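Here is what each chain is made of, one letter per residue.
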Amino acid sequence: LLCCFFPCRCHRCPHLPTRPYEKSEKPCMLSEYMERYPLYPVTLPRGSFKPKEAYEMAQIPMEGTSTTKRDYIAHEVLPQKLKPSEKHVKSDESMDLTSTYKQDYNSYPISQVPPCLPCVMRHIPSTKMDIRTTYEDDYVPWTEPKTELIRPKNMFHPSEEKFDHRTIVQDDYLYRGPVATESCKPPNLVQKSKAAFENITNYRVNYVPHPLEKCYVHKYEKYKVSEVPFDGLTTHKVSYKGLAGHPAKLAKPYQPKLLHDLPFSSTTEFQEKYQAWPRPPVFTKKPDVYFPPLEKMDLHTTTQIHYKNPNGKPAKMCRSLAQLKKSTEPFNSSSVMKEDYKPWLCKRLKPITRAPELTFPAKPMDCLTTFQTHYVPHPLTVTKSYKPGWSGPKHHTLLDAKTIYATSYTPKSIVKCLASYKDPPGYTFEGTDADGHNFYLPASKSEILQGAH
C-alpha cells in the first residue's frame, strides 16, 4: 500500500515532520528534544556560489503580462442614467386641525374646595417673663482665699570637688605609637630603551590612497501615459446590483377614534382664572431744557482759602499724662533661675594633640605607576599582508540593469495546498495509522489495484 503526503509549510504532521510516513505497528519514538536538536552529519564546507564574471543572458524573453492584466479585464463604461424627480401636486382637501388632546380630554365643572384646617385658639398670658437663666441661679462664685503654692524646699548643693574633665576613652584606650610598615612595592629593574619610537604602522605601509572615480548618475526615463482608458468600475458596482423591493409597511397598530357628543373646550383653567389686568399708561416726564449759567465758576477750594500759613507749628497734645506712683522700695531682680542655676567657674581646656612621630623617607617620590614601570614599548613586528593585488583600473562600461530574476523567472499561478482539503481531489482515502496519519492513493493507482484483486 502506497502512502502519499503533501509537502506544505502550513500543513504538516505533528508527529514526524522530518521524513516520509511509514505504515508500521511500531510506536512513535520521536521526542521534543530529538525534534528540536537533530543529529547532523559532518560535512565539508560548501563551495563558493559567487558567479563568474562572464554573464550569459537567457534567450527566452520575459512575459510582459501580469496577474492584474490577465485577471482584470477592462469593461465598457456606460453613462449613468438619472431618474427625473416627480413634481409636487397640491391637494384640494382641507387639513384636520383636531388633536388627540382635544378628542380624549373633556372639560368638567370646577367647584372650590373648602379648607380642612382646624381652628386654633391661642392663649397669650399676661404675666411678666422671668429673664434669669439656670446658669445664673445655680453657678454662684465662691468666697474662698487664694491657695498657696506647694513647692518643695531647695535641698540641692553642688559638690566642691574639682571636675577632672576626663572621659572613659582617655582613661582606657592608651596611645601606643605608630607602627613601622615595610613597602611591598617591587624594585624598578626595567631599563628604558633610548632608541627613538617608530611611528610607522602596517596601514601606512601597505594601504596607498587611490584616485576616486566619478560616480555614475542614473538618468530617469520620462513618464508615459497609458493608452488604455480607465473603466472606473469597482467590485461593489459590478457585483452588488440594486434589486426591486417593496416599500416597508407601517407596523403601528390601528387605533379607532373615540367620538363624544360634547365638544372639547380650547380654553384652560389658567386662561379662565388668571385674566390679564388692565395696565395704565406709563407716565413719562419730559426733560427740562438745559441753560448754561452766565456767571464764571470759582475754581478755589476750601483748603486754598482757609489754610494759607505755610510756616505753621505742629499741634500740641491735649491729652493728660497718666500719673504713675513711684515706689521707694528697690526692685528685686532675683528669680528662681538665677538662684538655683548659678554659673560654674570653669576654664576652657586646650585640645590634646600628639607630637608627630612619623618618619618620612629622604628620597623623593618617583611618581611612576605599575603600567609605566612594567609595560615598556617593544619594536613593532611587520605582519604579512594577505590583501590581493590590484587587478587594474575598472572599466567605464555601464552596468546592465537586467537580472536573472527578470529574464528567467516568469510569474506562476498560486496552487492551493492539497492538505487544506477535507478530501483532496484526485486521491482516494485508504485508511488511518495508529499515530493518526491519513493515507491516500492516486485515483489511477487505486483503480489498477482494485482490478488486480
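Each value, and the rule that gives it
- Residues numbered from 1 in each chain as written.
- Predicted model: local features only at pLDDT ≥ 70, side-chain atom pairs only at ≥ 80, totals over all residues.
- Heavy atoms only, no water.
- Helix = DSSP H or I, 4+ residues; strand = E, 2+ residues; numbered from the N terminus.
- Buried < 20%, exposed > 50% of the residue type's maximum accessible area, 1.4 Å probe, protein only.
- Contact = heavy atoms within 4.5 Å.
- Areas by Shrake-Rupley, 256 points an atom, 1.4 Å probe, with all protein chains shown as cover.
- Pairing = 2+ DSSP bridges.
- Patch = residues over 30% accessible without salt bridge, like charges linked within 9 Å, V, L, I, M, F, W, Y side chains within 5 Å.
- Salt bridge = Lys/Arg side-chain N within 4 Å of Asp/Glu carboxyl O.

- As recorded by an unreviewed UniProt entry, the chain carries the name SAXO1 protein and is attributed to Fregetta grallaria.

A look at the overall build of the chain
For step 1, the next point in the chain: For the chain, the count of helices and strands is 13 helices and two strands.
For step 2, the next point in the chain: Across the 453 residues of the chain, 4% fall into the buried class.
For step 3, the next point in the chain: For the chain, restricting intrachain contacts to residue pairs at least 6 apart in sequence, the fraction spanning at least 24 positions comes to 64%.
For step 4, the next point in the chain: For the chain, the accessible area works out to roughly 52700 Å², and carbon and sulfur atoms hold 59% of it.

A look at the pairing of strand E2 (residues 438–442)
For step 1, the next point in the chain: With five bridges joining them, strand E1 (residues 427–432) and E2 adopt antiparallel strand pairing. Note on E2: the bridge partner recorded for Thr-432 is Asn-438.
For step 2, the next point in the chain: Taken together, E1 and the strand that follows it, E2, pair antiparallel across an intervening segment of five residues, in which Gly-436 is found at a positive phi of about 95 degrees.

Here we look at a nonpolar patch on the surface
For step 1, the next point in the chain: Taken together, the side chains of Tyr-33, Met-34 and Tyr-37 define a hydrophobic patch exposed on the protein surface, amounting to about 410 Å² of accessible area.
For step 2, the next point in the chain: Along the polypeptide, Met-34 turns up in helix H1 (residues 32–36).
For step 3, the next point in the chain: Under the relative-accessibility criterion, Met-34 is labelled partly exposed at 49%.

Let's talk about unusual backbone geometry
For step 1, the next point in the chain: We note that Cys-367 has phi near 60 degrees; this positive angle belongs to a residue other than glycine.
For step 2, the next point in the chain: For Cys-367, the position within the fold is in the loop between helix H10 (336–340) and helix H11 (370–374).
For step 3, the next point in the chain: By relative accessible area, which is 57% here, Cys-367 ends up exposed.

With respect to the pattern of salt bridges
For step 1, the next point in the chain: Enumeration over the complete set of coordinates arrives at six salt bridges.
For step 2, the next point in the chain: Linking Arg-166 and Asp-171 is a salt bridge whose minimum nitrogen-to-oxygen distance equals 2.9 Å.
For step 3, the next point in the chain: Across the pair Lys-273 and Glu-269 runs a salt bridge, and its minimum N-O distance is 3.6 Å. Of the two residues, Lys-273 and Glu-269 both sit in helix H8 (residues 269–273), four residues apart, roughly one turn of that helix.
For step 4, the next point in the chain: Overall, the relative accessible area of 54% leaves Lys-273 in the exposed class.
For step 5, the next point in the chain: Three or more residues joined by partner-sharing salt bridges are found here, namely Arg-132, Glu-136 and Asp-137.

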